[in-house]
2 protein chains.
Amino acid sequence: MFELFLLLLVVNIIFLMLKNRQKSPENSTINCQKQPLNLDLLPAKNGEEPTMQFLLEFVEILTNYIRKTFDRSTKVLDFHHPHQLLEGMEGFNLELSDQPESLEQILVDCRDTLKYGVRTGHPRFFNQLSTGLDIVGLAGEWLTSTANTNMFTYEIAPVFVLMEQLTLKKMREIIGWPVGEGDGIFSPGGAISNMYSVMIARYKFFPEVKTKGMAAAPRLVLFTSEHSHYSIKKTSAALGFGTENLILLNTDERGRVIPADLEAKVIEAKQKGYVPMFVNATAGTTVYGAFDPINEIADICEKYNMWLHVDGAWGGGLLMSRKHRHKLNGVERANSVTWNPHKMMGVPLQCSAILVRERGLLQGCNSMCAGYLFQPDKQYDVTYDTGDKAIQCGRHVDIFKFWLMWKAKGTVGFEQHIDKCLDLSAYLYNKIKNREGFEMVFNGEPQHTNVCFWYIPLSLRGLSDGEERRERLHKVAPKIKAMMMESGTTMVGYQPQGDKVNFFRMVISNPAATRSDIDFLVEEIERLGHDL
Amino acid sequence: MFELFLLLLVVNIIFLMLKNRQKSPENSTINCQKQPLNLDLLPAKNGEEPTMQFLLEFVEILTNYIRKTFDRSTKVLDFHHPHQLLEGMEGFNLELSDQPESLEQILVDCRDTLKYGVRTGHPRFFNQLSTGLDIVGLAGEWLTSTANTNMFTYEIAPVFVLMEQLTLKKMREIIGWPVGEGDGIFSPGGAISNMYSVMIARYKFFPEVKTKGMAAAPRLVLFTSEHSHYSIKKTSAALGFGTENLILLNTDERGRVIPADLEAKVIEAKQKGYVPMFVNATAGTTVYGAFDPINEIADICEKYNMWLHVDGAWGGGLLMSRKHRHKLNGVERANSVTWNPHKMMGVPLQCSAILVRERGLLQGCNSMCAGYLFQPDKQYDVTYDTGDKAIQCGRHVDIFKFWLMWKAKGTVGFEQHIDKCLDLSAYLYNKIKNREGFEMVFNGEPQHTNVCFWYIPLSLRGLSDGEERRERLHKVAPKIKAMMMESGTTMVGYQPQGDKVNFFRMVISNPAATRSDIDFLVEEIERLGHDL
């Protein structure tokens, strides 16, 4: 019996030793005396063990970060000014050098990079249209970088090319184009997707511009709302239209295009001898979250033979919700649609699609038939080589994370997420619309998750509307925001818009956010701003 | 003694059981009776354990894939035609559905996605300019997606914005601009970087195009070599110049621009009343790997007041090598440079930089001052908000993996990698230049790692040069390539160029490749092609 006991004891000790050996830093390949370098990793001879060891230690850093990100007691950020980070923080040196660092130091650098960054997946991060950290989407992105390939040909991205094709078709079905017909491509972001729309429209109406340049076309004008995204303006400049030929449309109090204003401006342009070519209708504006009335705009586009693009970078996600998709009624009449799954659908950055109703235009507009990539004499069906549709050559695989999330959530999962975010924003709206110290920028329940409001500090509450109040109010949001960032508790955006002075724009796309986080935000603004 | 033996046996069994328990699928959270869904992961309540479990199982899939990728007994790819993958392979279904899949199925999907893909990191993958799988770069990409943020403002990407700034400065120093002065930005790829160069050049000479469009400028012409990358042509079309206003320059037998031809064509354009504005010199052409003579081109650009862009997407990496950087002599005279670390430097896709000698042009050309992003009244130095320089709005973090690799390798590590690749290509060249059945496309040692050659099957060796031989030779490379892909042993590109029929273009950027892999490739081509 005593023998048995002794043996068990010994076994126990051995077991514990073995267990510790796995975790002990002294024993790991990474932390041993001779600090291993990048050169010791695969493809080096005998590189397998150090590689696995390095990746496992590295993944532990990431999983710790992920765990903490969802913990509300963690700060959203640990703010430092540029000069502070540039001077170097406790051994975190951003400068690059001639000689290699040890892998141990590389892991420290990774930890520090995360430490001084911003936790965009934190339940109280509301600063951008893209927020949140979807675990399946994240896994998709890790796989994508492990596969490290390029979308230009089926040859080297067979599975991803097919996933893109099927997903784009599904998106077109959801838009409402018959049997998902049409075309499309994933691009590096909404601005590039919008750029595609203008390029394709020009190619449709004036294909000779491709070879002869803008000189081959009359003076072309484009239309977009004064609330629309600035990428339309960037594109007008880049593609050679000129920003003066982008006509801004008036909006109603809620930021929606007034169709009559569009028609008046089209007629005016025609009278001047210009050619109205392209109208951008925004589905979900950046600041107000407004949805332009697509059907009425489509009527005018048909009447005057103009291309209708719907910029649904932000609002496109609502198409997944049976409850909210009516806000995009008429989208099926668009000639092209921008839709960024990396915004409202919570897909990791970057994931943006440009969808086109007429097949062949993307190819016609952009193809240059590079012989070294798109050989016609390959053994497979080369219509799957989609690279020549793009303005890019190499193209990052943006589809996989989205496809994987769709598999994991189902269409219903995206719908639930979107409905939940819109419910939360209604909750916020109802909470503050009559609350002391809060003032809404526009009346009525928001169309999207954007809730725009001023916080009025005590010292301003008695003041009557006028220049002094405006000037002082303009400074409130930046001050609160600065304190918010310095305390690291939450993040929300602010900006002026037209003649409205700085106000907060709350947006909710974060799947981690709950009512308690909305309550927290409101109370935090009050706490920080009350005595300003 | 027998007791002891028995006990040891029992202990052994327990030990094995415990060990197996860790691996057994029946016991993991993922594979238990109630199959967990995406909804069970963080941010769900009690989501931490399933999340960690899911990520660990997932990482095991990735690390297994990585391990096998570097194992030469693994196939480079398991080729299937599009219709085969679309029909569904043994439970791998690409279609998206309304209802969620279990996380168990998600893991299977991930495994299958990798199974039917192409191992671009495999030591025998030579198909593209971007090859290889750098472990530290990969880790960088995993961290980037975990941080999931956006480059547009310092506010939400403080560390990454500074890393970009420091790395771009370092690259400018290496180019040779005094104290690294100038500007730049990382873009989604070389094609977009080249697009930036043309936009900025136009803005420099005709800033009014930004507001008034191409109508405000005279007829502008651009110049590039007939061997240059097709993105220059795409850009001429997209930006409104028209491809006819892109003049192609003649090259010598090695694919290098003939400067006298440039000058003659500039003079000819001027005589027609056009305005020569932009010259692209390629540092490392896509097919031949040729380096245009930058100094002589720069002389002409200075003489005629044209913008000089150097497209070093492929060849820029050679600047890191003291032995090979002379091939880019004169690059410091360029007004802008494209340089893709995701090609010759082995950084995971996407990582491309556009570097500009004159500070302020990028900003001037592209800025639209969106109030909701680039508020002037932030608490930090807003010159660090670089987003308004970009044609994009949201911009993926491409810098971190590159920065991390630079830390891990040091400048010397990149140099070693580049020297090694060029040595390998010299080895290949010397091996085949006089080898029976091989014929070089051009004479002399390659400037870059590109080695271009025909393989002549036995049946063609006696044939004299003529139409029949050309026609038959044209079909050889595609046939060998198809067999290569179907057997999955190695991958190398082919294409025609000008009047040359299909030939192989071998490129070496893969850090895993050794002389034995070069030997293998040569023998594999002989094996597959000998009896064609």
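Residues numbered from 1 in each chain as written. Chains lettered and ligands numbered in written order. Predicted model: local features only at pLDDT ≥ 70, side-chain atom pairs only at ≥ 80, totals over all residues. Heavy atoms only, no water.

(A) Structural view of the pattern of salt bridges. Summed over the entire model, instances satisfying the criterion amount to 62 salt bridges over all chains. Here Lys431 of chain B ties to Asp519 of chain B by a salt bridge, and the two come within 2.7 Å at their closest N and O atoms. Of this pair, Lys431 of chain B sits in helix α13 (residues 399-432) while Asp519 of chain B sits in helix α17 (residues 515-529); the two residues are 88 residues apart in sequence, bridging distant segments of the chain. Linked through salt bridges whose partners overlap, the residues forming this network are Glu155, Lys378 and Asp385 of chain A together with Lys481 of chain B. (Salt bridge = Lys/Arg side-chain N within 4 Å of Asp/Glu carboxyl O. Helix = DSSP H or I, 4+ residues; strand = E, 2+ residues; numbered from the N terminus.)

(B) Spotlight on the side chain of Thr282 of chain A. For Thr282 of chain A, the position within the fold is in strand β5 (residues 275-282). Relative accessible area serves as the criterion here: at 2%, Thr282 of chain A is assigned to the buried category. (Buried < 20%, exposed > 50% of the residue type's maximum accessible area, 1.4 Å probe, protein only.)

(C) The arrangement of empty space enclosed by the protein in detail. Per the stated rule, a full pass over the model turns up 18 cavities of 30 Å³ or more. Empty space within the largest cavity amounts to approximately 350 Å³. Leu129, His229 and Lys343 of chain A together with Tyr372 and Cys393 of chain B are the residues nearest the centre of the largest cavity, which is lined by 34 residues in total. It is helix α7 (residues 190-205) of chain A that contributes the most residues to the lining of the largest cavity, 4 residues altogether. Approximately 290 Å³ is the volume attributed to the second largest cavity. What lines the second largest cavity is a set of 27 residues, among which Tyr372 and Cys393 of chain A together with Leu129, His229 and Lys343 of chain B lie closest to the centre. At 3 residues, the largest contribution of residues to the lining of the second largest cavity is made by helix α7 (residues 190-205) of chain B. Of the residues contributing to the lining of the second largest cavity, the split by class is 8 nonpolar, 16 polar and 3 charged. (1 Å grid on protein atoms, 1.4 Å probe; cavity = no way out; pocket = protein on both sides within 12 Å on 5 of 7 lines; lining within 4 Å. Points joined across faces, edges and corners; volume = space filled by probe spheres on them. Nonpolar A, V, L, I, M, F, W, Y, C, P; charged D, E, K, R; others polar.)

(D) Spatial organisation of the packing of helix α5 (residues 135-147) of chain A against helix α5 (residues 135-147) of chain B. Interaxial distance between α5 of chain A and α5 of chain B falls to 9 Å at its minimum, and their mutual angle equals 155°. Our classification of the angle between α5 of chain A and α5 of chain B gives roughly antiparallel. Taken as a pair, α5 of chain A and α5 of chain B cross one another with a handedness that is right-handed. Each of Leu138, Glu141, Trp142, Ser145 and Thr146 of chain A in α5 of chain A lies in contact with α5 of chain B, whose residues at this interface are Leu138, Glu141, Trp142, Ser145 and Thr146 of chain B. Across the contact of α5 of chain A with α5 of chain B, the residue classes break down as 4 nonpolar, 4 polar and 2 charged. (Axes fitted to C-alpha atoms, helices over the stretch in contact; angles between N-to-C directions. Parallel < 35°, antiparallel > 145°, perpendicular 65-115°, else oblique. Left-handed = near helix turned anticlockwise from the far one by under 90°. Contact = heavy atoms within 4.5 Å.)

(E) Region of the structure containing the domain arrangement of chain A. Residue and element names in this part refer to chain A. When its domains are assigned, chain A resolves into domain 1 (2-119), domain 2 (150-397) and domain 3 (409-529). On a C-alpha basis, the centroid separation for the pair domain 2 and domain 3 is 31 Å. Contact with domain 2, which involves 27 residues of that partner, is made by 28 residues of domain 3. With both chains or domains summed, domain 2 and domain 3 bury close to 2400 Å², and 55% of this area falls on carbon and sulfur atoms. Scanning the region where domain 2 abuts domain 3 turns up 2 salt bridges. Between Glu415 and Arg322 there is a salt bridge, and its shortest N-O distance comes to 2.5 Å. Viewed at the interface, domain 3 and domain 2 are joined by 13 residue pairs in polar contact (both at pLDDT 80 or more). (Domains from an automatic or database assignment. Buried area = accessible area lost by both parts, 1.4 Å probe. Polar contact = N/O pair within 3.5 Å; in protein donor to acceptor, adjacent residues only side chain to side chain.)

(F) Structural view of the relation of the copies chain A and chain B. Placing chain A over chain B gives an RMSD of 0.0 Å and needs a rotation angle of 180°, together with 0.0 Å of translation along the axis. Taken together, the rotation and translation relating the two chain copies correspond to the operation of a two-fold axis. When you check the interface residues of chain A against chain B, 99% turn up at the interface there too, and the contact is symmetric in its surfaces. (Least-squares fit on C-alpha atoms with pLDDT ≥ 70 in both.)

(G) Inspection of the sheet that holds strand β4 (residues 246-249) of chain B at higher detail. All names here are of chain B. Spatially, 7 strands are ordered β2-β8-β7-β6-β5-β3-β4 in an open sheet, and the strand pairing comes out mixed. Each edge of the open sheet carries a strand with a single partner, namely β2 (183-187) and β4. Direction aside, neighbouring strands of the sheet carry axes that sit 20° apart on average. Sheet contacts for helix α6 (residues 158-175): β2, β7 (336-339) and β8 (352-356); angle to β2, the most-contacted strand, approximately 115°. (Pairing = 2+ DSSP bridges.)

(H) Region of interest: the interface of chain A and chain B. Taken together, the 158 residues of chain A in the interface contact 158 residues of chain B. Between chain A and chain B lies a buried interface of about 14100 Å² when both sides are counted; carbon and sulfur atoms form 67% of it. It is Leu96, Gln379 and Lys407 of chain A that lose the most area in chain A upon contact with chain B, and together they represent 6% of the buried surface on that side. At the surface where chain A touches chain B, the tally comes to 10 salt bridges. A salt bridge links Glu48 of chain B to Arg67 of chain A; the shortest N-O distance between them is 3.6 Å. Where chain A meets chain B, there are 66 residue pairs in polar contact (both at pLDDT 80 or more). Here the side of chain A that touches chain B takes 13 residues from helix α2 (residues 48-69) of chain A, the largest share from any one element. Tallied by class, the residues present in the side of chain A that touches chain B amount to 89 nonpolar, 44 polar and 25 charged.

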